[in-house]
Amino acid sequence: MNFRNLITACLAFTCCTAFAAPAPVKGIPIAKPAELMKLTKVQPGLYTLRCAGMDKGQANFYGPYDASAPAAKDVCAVPRFGCSSVVNGNFVGRNFDYFNTPAPYFMVWTDAGQDHYASLAMSFAPLDKTNFIKSSQTAPDDINHYSTPEQLARLTTMALDGVNEKGLCCTTHVVYPTDANNTDRGTNPGAPELSLYMVCRYVLDHAATADEAIELLKKRNIRLMDPNMVFHWIIADRNHSYIVEVADDQLRYTDKKRVMTNLLHTKPALTPHPMGYERMQILEEYYHEGTSVEGMYNLMRRVQYTRAYDLNTKPYWYSEKTGFGPDGSEITMQTPRYDPALRKTMEEEAAAVKVVTPENNPLMLWETTYGNVYDMDNKTMRIMMHEKYETFYDAKL
């Protein structure tokens, strides 16, 4: 299978069995690691790490935009992710949907410093255009990729979500890049550059409120390191929350939405690809449930990703079908949802994925690889690693 087909397949197919993930049966507290920059194993695929933090001068750790990277207009070469976030008062829920692979994840405690706040965040293997697939297949106990101080420091910058000592929370999602219409110009040419990969870390380190985070980001030139990666964020404190996006080379934000999946909210006309439309509908319908840690946790279970290709799910998760229809045309929001030919194609794909396992094709299946709930007042994180586990972990900043 060539790379074009691989990306289409691994992002179009996922587990088609009915949603039957067991409820967590116990919670386990996790304490901050005693030693700096030393990985501690919690369970297969989950580690903890404590670091000293970064100052503002390190804000572009990932380097400049690479104009030689594959063009974002090549639809099938674009990695497409799930992910769902909700803000309800003091609570933030977040699912990270990814390949069903044992790639390691890291709970990172950052100590306060003269130039930054303390925080607790979730981090992932560093993503770059040369080892995107390779890093996704790292064995859970193989942490050789993170054996040097430089590699560990790079890891700490890739915060996917977290909360800081001021009660500010941030979550990161992917947006379909061709919809965002970005170039290599950036959001504020001439200003100090900030990689997309480091926005969450930068906000957690340096902003005390959501409003302050917006002002800090306005003063940076946020640029793509790779045109195949375009992010957007929820940034929230106890009183305000924003969805923040980079579209048309502009920093855009709105305080009108409390639910975010994988489509643009500040400029919907740029989003012909649905990517998470049903997840957004479900989270908005049951939004009222997320008024406690337990309630938010259960709300996020409604959109765990193994439901995506259960053809009996109501609503049927049509928007997670990211690829091409039976006539070869690209599927968008304008594709007839109940077209019999499309339905037949989906049924064939669902049947095919039943015989796929993580062993014979680890990139074929998707799941919610972790789900976090943040209590901003108490600066806590509840994490459940992978849908298959029956244990969750509680950490406190």
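This text goes with the structure placed above it.
We now turn to the structure provided with this report. (Residues numbered from 1 in each chain as written. Predicted model: local features only at pLDDT ≥ 70, side-chain atom pairs only at ≥ 80, totals over all residues. Heavy atoms only, no water.)

### Things to note about the pattern of salt bridges
Here is the rule: Salt bridge, as used here: a side-chain nitrogen of Lys or Arg that lies within 4 Å of a carboxyl oxygen of Asp or Glu. The way it works is that DSSP assigns letters per residue, a run of H or I at least four long becomes a helix, a run of E at least two long becomes a strand, and they are numbered from the N terminus.
Scanning the entire structure with this criterion turns up 15 salt bridges. The salt bridge involving Glu193 is made with Arg223; its shortest N-O contact spans 2.2 Å. In this pair, Glu193 is assigned in strand β10 (residues 193-195) and Arg223 in strand β11 (residues 221-223), connecting sequence segments 30 residues apart. Arg382 is the partner of Asp394 in a salt bridge, and the nearest nitrogen-oxygen pair spans 2.9 Å. Here the residue Asp394 occupies a position in strand β18 (residues 391-396), and Arg382 occupies one in strand β17 (residues 380-385), the gap between them amounting to 12 residues.

### Some points on the sheet that holds strand β4 (residues 84-88)
To keep things clear, this is the line we draw: Criterion used throughout: strands pair if DSSP finds at least two bridges between them. Only heavy atoms matter for contacts: two residues are in contact if any of them lie within 4.5 Å across the pair. All axes here are fitted lines through C-alpha atoms, helices being fitted over the stretch that makes contact, and every angle between N-to-C directions spans 0 to 180 degrees.
As summarised here, the arrangement of the seven strands in space is β1-β18-β17-β16-β5-β4-β15, forming an open sheet in which the pairing is mixed. Bordering the open sheet on either side are β1 (26-30) and β15 (259-260), each of which pairs with just one other strand. Strand contacts of helix α8 (residues 293-301): β4, β5 (91-99), β16 (366-375) and β17, with the helix running at about 30° to β5, the strand carrying the most contacts.

### So, unusual backbone geometry
What you tend to see is this: most non-glycine residues have negative phi, and most peptide bonds are trans. What counts, and what does not: Exposed residues in this analysis have more than 50% of their type's maximum accessible area, buried residues have under 20%, and partly exposed residues fall in between, with area computed by a 1.4 Å probe over protein chains only.
Unlike most non-glycine residues, Asp248 shows phi in positive territory, near 55°. Tracing the chain through its elements places Asp248 in the loop between β13 (241-247) and β14 (250-254). If you check the backbone angles, Asp249 has positive phi at about 60° while not being a glycine. Among the structural elements, Asp249 can be located in the loop between β13 and β14. Exposure remark for Asp249: the relative accessible area of 8% places this residue in the buried category.

### Remarks on α8
Among the residues making up α8, those that are buried are Gly295, Met296, Tyr297, Leu299, Met300 and Arg301. Where α8 is buried, its residues touch β4, β5, α7 (277-285), β16 and β17.

### Details of the packing of aromatic side chains
Under the convention used in this document: Classification of ring pairs uses Phe, Tyr and Trp, with its six-membered ring standing for Trp, and accepts pairs whose centres are within 6.5 Å; under 30 degrees between planes counts as stacked, over 60 as edge-to-face, and the remaining range as tilted. We count a charge as sitting over a ring when the NZ of a lysine or the CZ of an arginine lies within 6 Å of the ring centre and within 35 degrees of the ring normal.
Applying the stated rule across the entire model yields 12 aromatic pairs. Relative to Tyr370, the ring of Tyr105 has its centre 5.4 Å away and its plane inclined at 70°; by these criteria the two rings are edge-to-face. Of this pair, Tyr105 sits in strand β6 (residues 105-110) while Tyr370 sits in strand β16, and the two are 265 residues apart along the sequence. The two residues Tyr105 and Tyr370 agree in class, both being buried. Linked through ring pairs, Phe96, Tyr98, Tyr105, Phe124 and Tyr370 together constitute an aromatic cluster. Lying across the ring of Tyr286, Arg302 places its NZ or CZ 3.6 Å from the centre.

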